Structure formats: C-alpha cells, structure tokens
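What the coordinates show
Residues per chain, in single letters:
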Amino acid sequence: MPFHPDIAVRLPLLAGIPSLEAGLSEPLMRAQMEAFDAYPDAPPPPAAATRMVSVPGPHGPVPLRIYTPVEPNKEADSPHALVWMHGGAFQFGDLDTKEADWTARQLVQRASATIVSVDYRLAVNGVQYPVPLDDVVAAIRWVQANMLELGITSVSAGGASAGANLAAAAALRLRDEDGWVPDQLVLVYPMMHAEPPHPSESLRRALTELPDAMRLTPQMIRSATENYVGSSSGVPIPGYAMPANAELAGLGPTLVLNAEYDELRASGEAFSALLAARGVDVKQVTVPGMLHGFLNLPATMAPVDNALERIAARLRPKSS
C-alpha cells in the first residue's frame, strides 16, 4: 500500500537530502530530519509506574527501567514480563528513546504486563561485541531469577532493529549456556544479517519509492556491523552476533514485525524463514505503509496501533 498519509504529507521535508548519512551529519539537513521525525501534536504516552534497578553484569552494572501498571490489580494484571531492547545500530539510543519508553508504556497499558527496558552498553568508544549482548543476557537472567519478586510467571524478550538482534542472540546464549529460553520473542524490524539478503520483488518495488534520506543502504548496514563486531576481514561473524548465522532450533514462539518500506524487511523475512525451517513457531507480519523505526511514531497511526496490539496480545493473561 502507499505510505501512511501522516508520513506521506511529511516527505517534502526531506527534499534535497541525498542520504541518511548526510541527513544525520549536516546541520541544516539534520534540522530537516528532526522536523520530519517530530510530531508535536502527538498525545503523550500512557502513564505507567516506573522504577530503576541496577543489576550485575560482566562489564559492570546494567541499568534497567521496570514499567508496571499505575494501579496494580492482582486479578487483572498479566503474569507476563517482556525484557525490551531499543534499537539504534548498536550505537545510539537510550531508555528515553521513544522506541523504548513509548513502547513500554503502551504495552503496560494494553496488556497490564511488566516491561523491563535494558540500558545496554552501546558500541561506542571502543565497546564492541559481545559487551552489549553480555549486558542483555545479564538483564534477562536477573529477571528470570527474580520472577517471584517481580510478580511474574513468564519471561519473554524482544526489541527493535539492533535491539531485536540482541533479543534473539540473548535467547540463543541462554539456550546454550543455561538450558532455557525466553517463553516468546518479539522482533520488530530486526537486523539479523551483516548484509541484507536479496529483497523480494514486492520489497524491491517498495524501495524504489523510498526517499534517499530514508534508505538504509547496504554500506550503512555493513558499517554498523563492522562497528559492532569488528572489521576483521574474512573472519566469520558468530551467530551470537548476527543470529541469521546461528543454529535456531529450540527458540520459543516468535513474532516478527517488518516495516513495508525498509531494507531490513529482507532480513526479517529471511530470518523468519530460517526459524520456520528449524521448527520454530514463527508469525511474520508486514506493517503496511511504514518506514523503519515506526515504533518511534504516535500510536494514533493505525499501523502502529495494530503492531502494538499484536505485541500486547502475546502478553495478556490467557483468560483475557
């Protein structure tokens, strides 16, 4: 389908920006990008009770923000927890990124579940794989070890873009090292390959409509991968760094949400096929009219609302 109307009407703001790299680096173009991304009339996210904890990790404490309903209701609240990782090419983002904070608040309201947002170390200033992944594994282990205190009986993991990579990779590590896996995975516009697979015909057609300022080029994705795992030429990238390279059998039921207009849709589609081939229960959905990063957009947009509902449905009590 065409771009969502709320996106289409803003596309002229990107005029003259030759690439996403230029849009992020040139001050005037960056102002255009910020105007494109701004939704000043968007309603505030739902209220949630929050608290910060710091859990031990191999590289030092890992900050977590725990979201729960403002008014707990033992009869209505979900026993499920979702450990959530924001995206940002392993280099950007924090707990206040809309993709982190807005998503958590929306899911608390919709599912009455516990959301644990992880402030993992970013791949900057010499930090590389496996440090961010170690932080995520430590966070999920802490949640699993403190289920009684948290009032939960189920632990799932999920994330967006690079955060989806970290969620899946952590599940693989937990499977291999601890002998258990998160009950479910939620992977939103995931980055699972060092280079995107060849796009399907429908994706190829969609990408011809994508403005240059919104293109995640193969070089950009390679650069993000090299920054994360190092640039040793000819050395195979381990499956814990890029889960498409891993043995995937034994992972829990998985929801994959891809954006229609997104180079990484090819990665999400190919990864879903790999999961299915290894016997994993996987549901793949293409979110229509959306660009990469749509969880940063207001939930008043129907495709964003529907995507959040799909995630929330997996976290609600079975009786609901």
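Below is a summary of the structure that appears in this document. Owing to the predicted nature of the structure, the values given are computational and were not obtained by experimental measurement.

This part is about the nonpolar core. Ranked by internal contacts, the top residues of the largest apolar core, which has 105 residues, are Ile115, Val188 and Phe294. Ranked by residues supplied to this core, first place goes to helix H7 (residues 162–177) with ten residues. Not counting residues within four places of it along the chain, the set of residues in contact with Ile115 comprises Arg65, Ile66, Tyr67, Leu82, Trp84, Ala104, Leu107, Val108 and Leu315.

Let's shift gears to the sheet that holds strand E4 (residues 114–118). Read across the sheet, eight strands follow the order E1-E2-E4-E3-E5-E6-E7-E8 without closing on themselves; strand pairing throughout is mixed. Two strands close off the open sheet at either side, each with one partner strand: strand E1 (49–55) and strand E8 (282–291). When strand polarity is set aside, the average angle formed by the axes of neighbouring strands in this sheet is 20°. The pairing of strand E3 (residues 80–85) with E4 spans four bridges and is classified as parallel. Bridging from a neighbouring strand, Trp84 pairs with Ser117 of E4. Sitting on the sheet, helix H11 (residues 302–315) touches E3, E4, strand E6 (185–188), strand E7 (254–261) and E8, and the angle it makes with E8 is about 160°.

In terms of strand pairing, E1 meets strand E2 (residues 62–68) through seven bridges, oriented antiparallel. Bridge pairing in E2 places Thr50 opposite Tyr67.

A separate point is the pattern of salt bridges. The final tally for this structure, using the stated rule, is 19 salt bridges. A salt bridge links Glu34 to Arg30; the nearest nitrogen and oxygen atoms lie 3.6 Å apart. Note that Glu34 and Arg30 are positioned in helix H3 (residues 27–37) at a spacing of four residues, about one turn of the helix. Since its relative accessible area comes to 47%, Glu34 is described here as partly exposed.

To continue, consider the side chain of His193. Assignment of secondary structure puts His193 in the loop between E6 and helix H8 (201–207). In terms of polar contacts, His193 uses its side chain to reach the side chain of Ser267, at 2.7 Å. Filtering out sequence-adjacent residues up to four positions away, His193 remains in contact with Ile221, Thr225, Met242, Ala244, Ser267, Ala270 and Phe271.

Applying the stated rule across the entire model yields four aromatic pairs. Relative to Phe294, the ring of Tyr189 lies with its centre 5.0 Å away and its plane at 75°, an arrangement referred to as edge-to-face. In this pair, Tyr189 sits in the loop between E6 and H8 while Phe294 sits in the loop between E8 and H11, placing the two residues 105 residues apart along the sequence. A residue is classified by how much of its surface remains accessible, and Tyr189, at 0% relative accessible area, is buried. Feature note: the residues Phe90, Tyr129 and Tyr228 constitute an aromatic cluster, connected by ring pairs.

Attention now moves to the packing of helix H4 (residues 98–111) against H11. Orientation of H4 relative to H11, taken along the N-to-C sense of each, is 55°, at an axis distance of 9 Å. Here H11 runs oblique to H4, going by the angle between their axes. As H4 runs across H11, the sense of the crossing is right-handed. Here Thr103, Gln106, Leu107, Arg110 and Ala111 of H4 come into contact with H11, specifically with Asp305, Leu308, Glu309, Ile311, Ala312 and Leu315. Looking at side-chain class alone, the contact of H4 with H11 contains six nonpolar, two polar and three charged residues.

Thresholds applied
- Residues numbered from 1 in each chain as written.
- Predicted model: local features only at pLDDT ≥ 70, side-chain atom pairs only at ≥ 80, totals over all residues.
- Heavy atoms only, no water.
- Core = buried A, V, L, I, M, F, W, Y, C linked by side-chain atoms within 4.5 Å.
- Buried < 20%, exposed > 50% of the residue type's maximum accessible area, 1.4 Å probe, protein only.
- Helix = DSSP H or I, 4+ residues; strand = E, 2+ residues; numbered from the N terminus.
- Contact = heavy atoms within 4.5 Å.
- Pairing = 2+ DSSP bridges.
- Axes fitted to C-alpha atoms, helices over the stretch in contact; angles between N-to-C directions.
- Salt bridge = Lys/Arg side-chain N within 4 Å of Asp/Glu carboxyl O.
- Polar contact = N/O pair within 3.5 Å; in protein donor to acceptor, adjacent residues only side chain to side chain.
- Phe/Tyr/Trp six-rings, centres within 6.5 Å; stacked < 30°, edge-to-face > 60°.
- Parallel < 35°, antiparallel > 145°, perpendicular 65-115°, else oblique.
- Left-handed = near helix turned anticlockwise from the far one by under 90°.
- Nonpolar A, V, L, I, M, F, W, Y, C, P; charged D, E, K, R; others polar.

These values are about where atoms sit, not about what they do.
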